[in-house]
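An overview of the molecular structure
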There are 2 protein chains.
Amino acid sequence: MARARTTLRDVAQKCGVHLSTVSRVLNRKEGYAISEEVADKIRKAAAELGYKTNPFAYSLRVNRSFTVGVLVPDLSNPVFPPIIRGIEHRLAHSGYTAFLGDTDNKVEEEHRIIERMKGRQTDGLILATAHRSDDLIKTCIAEGYHVVLINRSVEDTAVASVINDDAAGIEMAVRHLLELGHRQIAHVAGPQEISTGYQRYLAFLDVMRKQGLEPDEELVAFCHAYSEDEGKLALTRIFESGKRFTAVVAANDLLALGCYDAIEQQGLTCPDDISVTGYNDMPFANKFKPPLTTIHIPLYQMGERAAEAVLTMIQGPLSQPQKITVHPELVLRGSTGPRG
Amino acid sequence: MARARTTLRDVAQKCGVHLSTVSRVLNRKEGYAISEEVADKIRKAAAELGYKTNPFAYSLRVNRSFTVGVLVPDLSNPVFPPIIRGIEHRLAHSGYTAFLGDTDNKVEEEHRIIERMKGRQTDGLILATAHRSDDLIKTCIAEGYHVVLINRSVEDTAVASVINDDAAGIEMAVRHLLELGHRQIAHVAGPQEISTGYQRYLAFLDVMRKQGLEPDEELVAFCHAYSEDEGKLALTRIFESGKRFTAVVAANDLLALGCYDAIEQQGLTCPDDISVTGYNDMPFANKFKPPLTTIHIPLYQMGERAAEAVLTMIQGPLSQPQKITVHPELVLRGSTGPRG
DNA sequence: TATATCTACGCAAAGGTTTGCGCAACCGCA
DNA sequence: TGCGGTTGCGCAAACCTTTGCGTAGATATA
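Residues numbered from 1 in each chain as written. Chains lettered and ligands numbered in written order. Predicted model: local features only at pLDDT ≥ 70, side-chain atom pairs only at ≥ 80, totals over all residues. Heavy atoms only, no water.

The name recorded for chain A in an unreviewed UniProt entry is LacI family transcriptional regulator, from Iodidimonas muriae.

Given below as structure tokens:
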């Protein structure tokens, strides 16, 4: 790392011109007249010496880091890698780089990481960690940071976001189960302080009622996190209530996986005794036994669009924050079947 | 982002001292005498004004970025998230941050990303993308970059690395199968230009011979990538050879997953007809059907140690590059059973 | 009392860019 | 010849730190 980089001055010296001229040539600034002859010489010399602009000096001068902070609640959740790849791909295309942070589902950690990002002077923030009521995010926005939410949204705050239509997704899942003849349908709900958990829960109630089925409170259990363990615990609670049911819609794939465990523990099988649906269509969802019927959302593209959004916020003057909604699709696999 | 940060000068002005004094107080430099009175005043003022040192100016001055580039071949492979978390955790502890790059298993992409990292002046590089003969890495080292390899190693080059004992791991897997009574054991080998693929293949041959079983060439198939598809294809080729076998050791978990598919496609079941072992014990390995018997390696800790290694290289004078080897463990699950 | 030694801090350079302004030399035109 | 307008480039400030050196006053030593 101690190799001395060649600077503008080196190039200038070699060409017998001033370094400001080199800068202008290499940055192709409009409005400055420089003879083609000199410009060529400079470009050639720059290439020859392997000139790369020093990012520290550049950032110091223009007061931009060309980085974006990306926060996820749990990198080990397979939903996030595709999102991150989408973000990075789009960012790299514009010369930006992402700082990744994993909050491990902890609020304190979230604070720490956000502080780190601010310390690093990231030009923007893409957060997959939002809570429905999230003061941290409100503060960031109040401070003038460019933030884009992905997957989850917040209430009562104008903030750019790219999310999927949770209501539509859940409706597809429930309708699918109804068509298979199921009537007693349970819901393993996500954390209610997170938009996805709350919206999907509301949607579940709504669709059931629209079908004339009053949802049974005992057939709904809430999780405190999107994890397999929580999913297993929740469904087990429902089993223990004694209420009969033949299908369960889980608020996401990890929860659905936990449901598999709970079902097996009861000595039952999926889908013969109980059908299960997930949400997200995360990688490997098709590899479990049984392959999971779930709601597909375009993770990679969501990442790209979030990056796109934050870039326009960084570059342009801030107009109304964009709200992008992508559409989910039902993907039928082996975890759902006709009512036994 | 346009908020004017408070600088050393602001703090100095408020305290009526020179900014160099502020810098020295805030950095607790030894060897400089500053009265406690002034120091207190400065610390108080700094806290009050919310002073944060400007990373660009700082980096420019000290010529360090306090970042480390981390390259993985495929973020969607569940092995990597734990590794990355280990790296980030250790790095953050020392005030460093990681730039993550996903090469998508493509060499050109690898080049591009490494160039980006160099452009960003990362203080070190942690690579999970090494090939057995890797000129890119040799170049980086020749240029003086601090690089640490993780999981994979290179040949003919002195480079720091943290890897697991592939030979020991494979030996455990094979012995386990032998104890279950298997004699015709197939090997779905990883890419041979990658150290893990090659070492595990060699180890497979070696252990078999040590047991007096000459390995059958037709029972070995090579993959071109660590993916489920490749694993499926490879095992299918072995099936098509017509040779009988009752167990297969796959070079990693993804490949093993592909083997599941191939076995199912043949109308056979695992482990009743064919036992399967994986390698890595990636997250979710226990969630498949059947739960995968595999070789556990301490992914998170490997990440931490790689970060540790790169940090010492950055700080200290470069002595001999460290080679860290961690020990694998066999974890028994449902994909292996007694010979049918 | 004169000199040496600390103590406590200030000065200014250096790190590499970008960019507003200035200034020659040249050209065209009257 | 004189003058205004380009063209083509240089100058220097500014961005914010760190850090080697300098120095004024106080204290200790001879």
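Remarks on the pattern of salt bridges
Side-chain pairs of opposite charge can arise where the charged atoms are in close proximity. All names here are of chain A. Convention followed: Put simply, a salt bridge is a Lys or Arg side-chain nitrogen that is within 4 Å of an Asp or Glu carboxyl oxygen. The secondary structure listing takes helices from DSSP runs of H or I that are at least 4 residues long and strands from runs of E that are at least 2 residues long, numbered from the N terminus. A simple rule labels every residue: compare its accessible area, found with a 1.4 Å probe on the protein chains alone, to the largest value its type can have, and call it buried under 20%, exposed over 50%, or partly exposed in between.
This structure, assessed with the given rule, holds 44 salt bridges over all chains. Across the pair E308 and R90 runs a salt bridge whose closest N-O atoms are separated by 2.6 Å. Here E308, found in helix α12 (residues 299-315), pairs with R90, found in helix α5 (residues 80-93); they are 218 residues apart in sequence, far enough to count as distant. Residue class for E308 comes out partly exposed when judged on its relative accessible area of 35%.

Describing the interface of chain A and chain B
Stated formally: Here, two residues are considered to be in contact whenever any of their heavy atoms come within 4.5 Å of each other. Here a polar contact means two N or O atoms within 3.5 Å. Within protein one must be a hydrogen donor candidate and the other an acceptor candidate, and residues neighboring in sequence count only if both atoms are side-chain atoms. Asp, Glu, Lys and Arg are counted as charged, while Ala, Val, Leu, Ile, Met, Phe, Trp, Tyr, Cys and Pro are counted as nonpolar; the rest, among them Gly, fall into the polar class.
On the side of chain B, 55 residues touch chain A, which itself brings 55 residues to the contact. Between the two partners, chain A and chain B, sit 14 salt bridges. Residue A:K52 pairs with B:E115 through a salt bridge whose shortest N-O separation is 3.4 Å. Run the count over chain A and chain B and you get 25 residue pairs in polar contact (both at pLDDT 80 or more). Residue assignment for the side of chain A that touches chain B shows that the elements contributing at least two residues are α4 (55-62), α5, β2 (97-102), α6 (107-119) and α11 (253-265) of chain A. Here the side of chain A that touches chain B takes 6 residues from β2(A), the largest share from any one element. Grouping the amino acids of the side of chain A that touches chain B by side-chain chemistry returns 21 nonpolar, 14 polar and 20 charged.

A few points about the relation of the copies chain A and chain B
Put simply, the test is: A least-squares fit on C-alpha atoms brings the copies together, and the residues used are those whose pLDDT is at least 70 in both copies.
Mapping chain A onto chain B is achieved by rotating through 180 degrees and translating by 0.0 Å along the same axis, at an RMSD of 0.1 Å. The transformation just described matches what one would write down for a two-fold rotation axis. A symmetric contact is evident, with 100% of the interface residues of chain A recurring at the interface of chain B.

Side note on unusual backbone geometry
Here the residue pair B:C270 and B:P271 is connected by a cis peptide bond, since its omega of 5 degrees sits within 30 degrees of zero. Relative to the helices and strands, B:P271 resides in the loop between α11 (253-265) and β9 (275-277). Here the bond from B:K289 into B:P290 is cis, since omega is -5 degrees, no more than 30 degrees from zero. A positive phi angle, near 55 degrees, is found at A:N63, a position not held by glycine.

Focus: the environment of A:P291
All names here are of chain A. With respect to the helices and strands, P291 occurs in the loop between β9 (275-277) and β10 (294-296). With 45 residues separating them in the primary sequence, P291 and T336 have C-alpha atoms 9.3 Å apart. What P291 contacts, discounting residues up to four positions off in sequence, is Y260, A285, N286, R333, G334 and S335.

So, the sheet that holds strand β8 (residues 247-250) of chain B
Residues and elements named next belong to chain B. Note the cut-off: Pairing between strands is defined by DSSP: at least two bridges between the two strands are required. Angles run from 0 to 180 degrees between N-to-C directions of axes, and those axes are lines fitted to C-alpha atoms, restricted for helices to the stretch in contact.
A sheet is described by the order of its strands in space; here 4 strands give the open sequence β7-β6-β8-β9, paired in parallel fashion. The open sheet is flanked by β7 (220-222) and β9, the only strands paired with a single partner. With direction set aside, neighbouring strand axes in the sheet form an average angle of 15 degrees. As defined by bridge partners, β8 adjoins β9 across 3 bridges and the pair is classed as parallel. Within β9, the residue paired with A247 across the bridge is S275. Contacts from α11 reach β6 (185-189), β8 and β9, with the element oriented near 160 degrees to β9.

A look at the environment of B:I324
Residues and elements named next belong to chain B. On the secondary structure map, I324 appears in strand β11 (residues 323-326). For I324, a relative accessible area of 10% gives the class buried. Taking the C-alpha atoms as reference, I324 lies 39 Å from R244; in sequence the two are 80 residues apart. Setting aside anything within four residues of it in sequence, one finds I324 in contact with S161, V162, I163 and R305.

Observations regarding the protein's contact with DNA strand C
Definition in use: Only heavy atoms are used to decide nearness, and a residue is near a molecule or strand if one of them lies within 4 Å of it.
Taken together, 31 residues are adjacent to DNA strand C, and A:L8, A:Y51, A:R61, B:T21 and B:S35 come closest. Counting only the atoms of DNA strand C within 4 Å of the protein, the fraction contributed by sugar and phosphate is 53%. In the environment of DNA strand C, a phosphate oxygen lies 3.2 Å from a nitrogen or oxygen atom belonging to the side chain of A:N27. Between B:H18 and DNA strand C, the recorded distance is 2.8 Å, taken from a backbone N or O atom to a phosphate oxygen. Of all elements in the fold, only α2 (19-27) and α4 of chain A together with α2 (19-27) and α4 (55-62) of chain B reach the threshold of two or more residues within the surface near DNA strand C. A per-element tally of the surface near DNA strand C places α2(A) first, with 5 residues. By residue class, the composition of the surface near DNA strand C is 14 nonpolar, 11 polar and 6 charged.

Looking at the sheet that holds strand β7 (residues 220-222) of chain A
Residue and element names in this part refer to chain A. The 4 strands lie next to each other as β7-β6-β8-β9, forming an open sheet whose pairing is parallel. On the outer flanks of this sheet lie β7 and β9, each paired with one strand and no other. Within this sheet the neighbouring strands show an average axis-to-axis angle of 15 degrees, counted without direction. Pairing of strand β6 (residues 185-189) with β7, which is carried by 3 bridges, proceeds in the parallel orientation. The partner of H187 across the bridge, within β7, is V220.

Let's talk about the protein's contact with DNA strand D
Around DNA strand D, a shell composed of 29 residues is seen, among which A:T21, A:R24, A:S35, B:Y51 and B:R61 lie nearest. What you see for DNA strand D is that sugar and phosphate hold 55% of its atoms within 4 Å of the protein. A distance of 2.8 Å is found between a phosphate oxygen of DNA strand D and a backbone nitrogen or oxygen belonging to A:H18. Elements with a contribution of two residues or more to the surface near DNA strand D: α2 and α4 of chain A together with α2 and α4 of chain B. It is α2(B) that contributes the most residues to the surface near DNA strand D, 5 residues altogether. Residues that form the surface near DNA strand D fall into these classes: 13 nonpolar, 10 polar and 6 charged.

Brief notes about the domain arrangement of chain A
Residue and element names in this part refer to chain A. Going by this rule: Domain start and end points were adopted from an automatic or database domain assignment. By buried area we mean how much accessible surface two parts lose on assembly, using a 1.4 Å probe and totalling the loss over both.
On domain assignment, one finds that chain A holds domain 1 (8-53), domain 2 (65-163 + 299-326) and domain 3 (166-297). On a C-alpha basis, the centres of domain 2 and domain 3 stand 28 Å from each other. Of the residues lining the interface, 13 residues belong to domain 2; the matching set on domain 3 comes to 14 residues. Buried area between domain 2 and domain 3, summed over both chains or domains, comes out near 1,200 Å², and the portion from carbon and sulfur atoms is 59%. Taken together, the links from domain 2 to domain 3 amount to 0 salt bridges. Looking at side-chain class alone, the side of domain 2 that touches domain 3 contains 6 nonpolar, 4 polar and 3 charged residues.

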